[in-house]
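Chain by chain, the residues:
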Amino acid sequence: MRVTTGRTDRVADYTARFAAFLETEVAPREADLAVQDVGTAFNPRLDTAGRMHPAVWEARREVQRRSAAAGLYTPHVAAEVGGGGFTRAEMQHVEEFVYRHAGLGLGIAALAWTEGPNPAIEHCSPAARERWLDPLMTGEITAAFANTEIAVGTDVLAMETRARPDGDDWILDGTKAWITNAHFADVVQVVAVTEPGAGTRSLSMFLVDATSPGFARGRDIPTMLNDGLTGELHLEGVRVPAQDVVGEIGDGFALAMAWINWRRLCRGGMCAGWGTWLLERALDRARSRTSGGAPIAELQSVQHMLADMDADLYAARAASLQAQAELDDLPGGAFGMPLHPEAPRLTSLVKVINDEAFFRVTDRAVQVHGGTGLRLGSPEEKLFRIARNLKIPAGTVEIQRNAIARGLLRGSRR
Ligand SMILES: Cc1cc2nc3c(=O)[nH]c(=O)nc-3n(C[C@H](O)[C@H](O)[C@H](O)COP(=O)(O)OP(=O)(O)OC[C@H]3O[C@@H](n4cnc5c(N)ncnc54)[C@H](O)[C@@H]3O)c2cc1C
């Protein structure tokens, strides 16, 4: 069966080492946080400016550095730049394991997320590799991806941030908004217009040093995630050397899509892992909670919710594995530049199927728990908010449908 693709020996090795890392490296740091009254990794207290409490941030950073040293931080990155070189099908299993077993704890930070190395930055110059990518790989610094603006999200080609040449350098002006890790990133992958009117060749990607003159971190943008990580960035005459252009001038749209498609595909393992955790918690709750003198697990109404959770998880996991394996088989894989014409439909299928299945799964998980499922800070309540969020960033579910329909209408293989 195709859906078993990706369960390789190196995935088994990775997951065994990750399980040990959770015990030896993550658990002590979670215990340290617990006595500090600063909240937890996913329900951190926020500072007066609305940002994640510095102690929680630093605990995440320590986990990242230790994970990198243990060879666990970057399995998804190409082997040529020092990563694990795992396929997307392998990563689906890795991500499912990580989210299933780390739950909402600090262990999530051990696998590079939006603040880590990604398929776009792999296209940087040799000089930028030394300056930015190598320290990102070791967890010494963190990154952010800055595409969205206050007036422009989906309609990315309408962005207003501009980059103009000045000798060998580029000068950037504009404001980015809704940026994850805006408050802490050391380097920002900024997408800006370099050739107005040139369509998908109008944009370029720059690696911007967050200590550059003219670069300023803006306000926090509080969201229902309440994690103190999302904010604005201001660029006023920020000078970027030519070596910090990613790829070629005009590659920005393709590079942005490589980053975004990476996040879309990570939904497969993330939703399977968290969803399985929620299903197990719902089963436990149904067995132990009684109504009318018997466990609620004996009620057909509750059994049907559990069955529906299982059906959604099974279908989303199977579809994701199939799509990720198909993407691996395409010339250039999931993030090729140029991207294979079959890739957008498959990637968007993974995102929309998982976003919507996981939303139903979290809704039912809350329902099985009754009032307890609504308790602020409970895994059910937090994951329900995360699930609602997932349908918007990295391209809304409507935009995924656009890409799927475009693929179908241009005659995609089915
Ligand atoms: C928590 C969070 C973290 C984020 N992190 C980042 C980040 O790190 N970096 C970054 O660059 N951005 C980030 N974003 C921004 C995110 O990618 C955008 O919010 C998202 O792409 C949607 O854009 P928008 O909010 O402008 O919605 P809009 O584009 O205004 O969309 C509004 C509605 O109109 C629909 N719509 C718009 N255009 C179309 C169309 N052409 N066809 C069909 N329907 C359409 C949408 O589907 C949606 O329902 C983040 C957002 C959030 C909430």
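Residues numbered from 1 in each chain as written. Predicted model: local features only at pLDDT ≥ 70, side-chain atom pairs only at ≥ 80, totals over all residues. Heavy atoms only, no water.

Details of the packing of aromatic side chains
Within this structure, the stated rule accounts for twelve aromatic pairs. Where tryptophan 57 meets phenylalanine 184, the ring centres are 4.3 Å apart and the plane angle is 10 degrees; that geometry is what we call stacked. Placement of the pair is tryptophan 57 in helix α2 (residues 54-69) and phenylalanine 184 in the loop between β3 (169-180) and β4 (187-193), with a sequence separation of 127 residues. Across the pair, exposure class does not vary: tryptophan 57 and phenylalanine 184 are buried alike. Note on phenylalanine 145 and tryptophan 259: the rings are 4.1 Å apart at their centroids and 15 degrees apart in plane angle, and the pair reads as stacked. Within this pair, whereas phenylalanine 145 is found in strand β1 (residues 143-146), its partner tryptophan 259 is found in helix α5 (residues 252-288), the two being separated by 114 residues in sequence. No difference in accessibility class separates phenylalanine 145 from tryptophan 259, as the two residues are buried. Grouping aromatic residues by their ring pairs yields a cluster made of Tyr14, Phe18, Phe21, Phe86 and Phe97. The ring of tryptophan 277 has arginine 281 sitting right over it, with the charged end atom 5.7 Å from the ring centre. Here the basic side chain of lysine 391 rests over the ring of phenylalanine 359, its NZ or CZ set 4.1 Å away from the ring centre. (Phe/Tyr/Trp six-rings, centres within 6.5 Å; stacked < 30°, edge-to-face > 60°. Helix = DSSP H or I, 4+ residues; strand = E, 2+ residues; numbered from the N terminus. Buried < 20%, exposed > 50% of the residue type's maximum accessible area, 1.4 Å probe, protein only. Lys NZ or Arg CZ within 6 Å of the ring centre and 35° of its normal.)

A word on the UniProt feature "domain: Acyl-CoA dehydrogenase/oxidase C-terminal" (unreviewed entry) in the chain
Annotation from UniProt places "domain: Acyl-CoA dehydrogenase/oxidase C-terminal" (unreviewed entry) at residues 250-409. The straight-line gap between the two end C-alpha atoms of residues 250-409 is 27 Å; of that span, 74% is helix and 2% is strand. (UniProt positions renumbered as here; feature names shortened; annotations may be inferred.)

Considering the environment of alanine 143
Along the chain, alanine 143 turns up in strand β1. You can call alanine 143 buried: its relative accessible area is 0%. Placed 182 residues apart in sequence, alanine 143 and alanine 325 show a C-alpha to C-alpha distance of 28 Å. Ignoring anything within four residues of it in the chain, the contact list for alanine 143 reads Thr114, Glu115, Gly116, Leu136, Asn181, Ala185, Val187 and Gln189. (Contact = heavy atoms within 4.5 Å.)

Things to note about the pattern of salt bridges
Scanning the model with the defined rule gives 31 salt bridges in all. One salt bridge in this structure joins glutamate 115 and arginine 60, with 2.8 Å as the shortest N-O distance. On the criterion of sequence distance, the pair formed by glutamate 115 in the loop between α3 (88-102) and α4 (126-137) and arginine 60 in helix α2 is long-range, its members being 55 residues apart. Each member of the pair glutamate 115 and arginine 60 is classed as buried. With a closest N to O distance of 2.8 Å, aspartate 209 and arginine 131 form a salt bridge. With aspartate 209 in strand β5 (residues 203-209) and arginine 131 in helix α4, this pair connects stretches of sequence that are 78 residues apart. Classification of aspartate 209 as buried rests on a relative accessible area of 17%. Linked by salt bridges that have partners in common, Glu25, Arg29, Glu58, Glu62, Arg65 and Arg66 make up one network. (Salt bridge = Lys/Arg side-chain N within 4 Å of Asp/Glu carboxyl O.)

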